[in-house]
Every structure is written in C-alpha cells, then in structure tokens.
Amino acid sequence: MSTATQTSSRDLMASIRRVFSSRDSHMTLILILAIAVATILIPRFSQPRTLTFLTLDVTATLLMALPMTLVMINADIDLSVASTAGLVSASFGVLVQSGVGFWVSIAICLLIGLVCGLVNAFMTAYVGLPALAVTIGTLALYRGLALVVIGDQSISDFPEWATSAVTGSFGSTGIPYMAIPVILFVILFWLLLHKTPYGRGLFALGYSKQAAEFVGIDTKRSRVIALTLSGLMAALAGIYWTLRYSAAKADNVEGLELVVIAAVVFGGVSVFGGRGSIWGSVCGVLTIGVLN
C-alpha cells in the first residue's frame, strides 16, 4: 500500500472517529435507543398515530428550545419563555373573541412576543443585569399580565380550519402538518448558528466575553438578537398551544420553561456557554418526548 493511500485511510478513520465521538452522535444514538426500547416494550408504540401525538407534544417545546440554544451558548438564559407564550395565548384568545381578524391577531401576538424578548434583551445587554435575574422577574411579570388580559376565563372560539391545520396529519402516515414548519425552523436555526458569522460569534461570546469583544464581535447586538428570537419563538409556541388545545387561558404553557432548558442541556448545551448545537437540542427534545 502506498504512503498516500495509507495517509488517506488514516484521515478517513480519524474523521469517522471524530463523527462518532461527538455529542450530536451520542444524542442521536440515545434517541434511536429510546425509540427502539419503546417500540419493543410498549404496545402499539410503532403505530403512525404515536408519531402524530409525539410530534404535536414536542412542537411547543422544540419551538422554544431552538432560540434557547442560541441564548445559552452565549452564556445567557431565558426563564420567561413559557410566561411569554402564556401571555400571547391569553392575548390571542381575547383578540379573536373581540372580533379582530385571525391573521391580524396572530401578527399582534408575534409583536407581543417580540416586545417581551426585547425587554429581556435590553435589561440584560444594555442595562447590564444578569439574564437569570431579569428573566426570573419577567417570568412573573408576563404571567401576571396574562391574568390581567384574560382573567380566569377560558376562550375556545377559534376557527375550526385553524385548529384542524394544527392538529391534522397527512392521511394515514401519522406525519402532522406541523412537522413541515417545525423542520423549516430547525434548518433555519441550524444555518444561523453553525453557518453564519453571527453563530460563530455566539460560541466566542460564550467562551469569553472579553475575548469576543477584543476580536471585534458586537456582544450586545449578539445577545439582543438571541433573546429577541427567544421571545418571538415563544409567541409562536403560545399560538400553537392555543390552537392545538382550542383554549386560551392565563395558565397555558405554565412550567414548560424547565422542560425546555432540561432538553437543551441534555442535548449538549453548556450552562456556562460556548458549547452546544441545534441538532443536539432537537435530539434532547425528542428523547424527552419519547420518554414521556
């Protein structure tokens, strides 16, 4: 065997070892193992209907976990995501009940999520308060505002076509319609984190804020974008949750922020920043969904 061939073989084996030793590979294997065990031990787990319910169950968590990955990689955290979703859910129900157009209501709710994210971002990046303290405060604030908006009532007057679009699936395949936008969001966030200068800057920021500033990264802008995206995606999760269960209530999505953070950390994102991936977070969310 020639020297060139031997070198090529060694490089190939080294590449294979790197792939299988990565956290993403480990998470993929854990997910496959969880599915295999469930298929063997739980009757009818492998039926298409299980895929439908699994996808619908994890969609809200996954929508919030994607931006949470960005937020935690840059060494911040957002504990207010579920409260933002709850506020949006309450606002969505009141707007629709008041006769505001369906799509106009969705636009207003997305704007609410955007503002919630911007509040967290401004207090964290520009005022200089720790993200943990800020989002603990807004967790209570946004949940309180949801109660102010809707009170103790439950609103279920939503268009049937909208709830069917959220909960329906493609024939007998078990694949919900919601799988399409979710996959698109996963791809978009994967590209943003792993294929853009902004995403690479988040890793640098998570490792060392001082070093990131030294090489010219606008750390305030990076943190603002991540936290604002977190608020926007939480709003989408709130709209989805409302339509899936056909109910807008002040306590919708309550407590889900802990599941989101647990899934992201389980997927390989460091709580100290600087490490993680979109695929790892996706696998973390899906694994927890399968176990549930």
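Refer to the preceding data block for the structure.
These numbers were taken from a predicted model, which means no experiment stands behind them.

## Re the overall build of the protein chain
Logical step 1: Along its length, the protein chain carries 13 helices and 0 strands.
Logical step 2: Along the protein chain, from the amino end to the carboxyl end, the secondary structure elements read α-α-α-α-α-α-α-α-α-α-α-α-α.
Logical step 3: Computed over the C-alpha atoms, the radius of gyration of the protein chain is 21 Å, within 12% of the 19 Å expected from 2.2 N^0.38 for a compact globule of 292 residues.
Logical step 4: With 292 residues in all, the protein chain has 47% of them scored as buried.
Logical step 5: Taking the contacts inside the protein chain whose residues are at least 6 apart along the sequence as the reference set, 78% of them involve residues at least 24 apart.
Logical step 6: A total of about 14,100 Å² of accessible surface is found on the protein chain, and carbon and sulfur atoms cover 69% of it.
Logical step 7: With 16 positive and 13 negative side-chain charges, the protein chain shows a spacing of 13 Å between the two charge centroids.

## As for the packing of aromatic side chains
Two aromatic rings, taken as a pair, are described by how far apart their centres are and by the angle between their planes.
Logical step 1: According to the stated counting rule, one finds 8 aromatic pairs in the structure shown.
Logical step 2: An angle of 85° between the planes, with centres 5.2 Å apart, marks the rings of Phe-102 and Trp-103 as edge-to-face.
Logical step 3: Trp-103 gets classed as exposed once you look at its relative accessible area, which sits at 58%.
Logical step 4: A ring pair is formed by Phe-122 and Tyr-126, whose centres lie 6.2 Å apart and whose planes are at 25°; its orientation type is stacked. Here Phe-122 and its partner Tyr-126 are both found in helix α5 (residues 102–126), 4 residues apart, which amounts to about one turn of the helix.
Logical step 5: For Phe-122, a relative accessible area of 48% gives the class partly exposed.
Logical step 6: Here a set of aromatic residues connected by ring pairs shows up, and it is made of Phe-92, Phe-102, Trp-103, Phe-158 and Trp-161.

## Regarding the pattern of salt bridges
Logical step 1: Taken as a whole and judged by the stated rule, the model has 2 salt bridges.
Logical step 2: Between Arg-244 and Asp-57 there is a salt bridge, with its nearest N and O atoms 2.9 Å apart. Of this pair, Arg-244 sits in helix α11 (residues 219–245) while Asp-57 is found in helix α3 (residues 48–73), placing the two residues 187 residues apart along the sequence.

## With respect to α5
Logical step 1: Between the first and last C-alpha of α5 there are 35 Å, a value that for 25 residues agrees with the 36 Å anticipated at 1.5 Å per step.
Logical step 2: Looking only at α5, the buried set comprises Phe-102, Ser-105, Ile-106, Cys-109, Gly-113, Cys-116, Gly-117, Asn-120, Ala-121, Thr-124 and Ala-125.
Logical step 3: In this structure, the buried residues of α5 make contact with α4 (81–97), α6 (131–150), α7 (160–167) and α11.
Logical step 4: Once α5 finishes, Gly-128 follows within two positions and takes phi at roughly 95°, a positive value.

## Some points on the nonpolar core
Logical step 1: Ranked by size, the top nonpolar core spans 76 residues in total, and within it Met-64, Leu-70, Phe-92, Leu-243, Leu-256 and Ile-278 carry the most contacts.
Logical step 2: The greatest single-element share of this core, amounting to 14 residues, is contributed by α3.
Logical step 3: Not counting residues within four places of it along the chain, the set of residues in contact with Met-64 comprises Val-81, Ala-82, Ala-234, Ala-237, Val-253, Leu-256 and Val-260.

## A few points about the environment of Ala-234
Logical step 1: In this structure, Ala-234 sits in helix α11.
Logical step 2: Placed 99 residues apart in sequence, Ala-234 and Thr-135 show a C-alpha to C-alpha distance of 13 Å.
Logical step 3: Sequence-distant contacts of Ala-234, defined by excluding residues within four places in its chain, comprise Met-64, Val-81, Thr-84 and Ala-85.

Each value, and the rule that gives it
- Residues numbered from 1 in each chain as written.
- Predicted model: local features only at pLDDT ≥ 70, side-chain atom pairs only at ≥ 80, totals over all residues.
- Heavy atoms only, no water.
- Helix = DSSP H or I, 4+ residues; strand = E, 2+ residues; numbered from the N terminus.
- Rg over C-alpha atoms; globule rule 2.2 N^0.38 Å.
- Buried < 20%, exposed > 50% of the residue type's maximum accessible area, 1.4 Å probe, protein only.
- Contact = heavy atoms within 4.5 Å.
- Areas by Shrake-Rupley, 256 points an atom, 1.4 Å probe, with all protein chains shown as cover.
- Lys, Arg positive; Asp, Glu negative; His and termini not counted.
- Charge placed at Lys NZ, Arg CZ, Asp CG, Glu CD.
- Phe/Tyr/Trp six-rings, centres within 6.5 Å; stacked < 30°, edge-to-face > 60°.
- Salt bridge = Lys/Arg side-chain N within 4 Å of Asp/Glu carboxyl O.
- Expected span 1.5 Å × (residues − 1).
- Core = buried A, V, L, I, M, F, W, Y, C linked by side-chain atoms within 4.5 Å.

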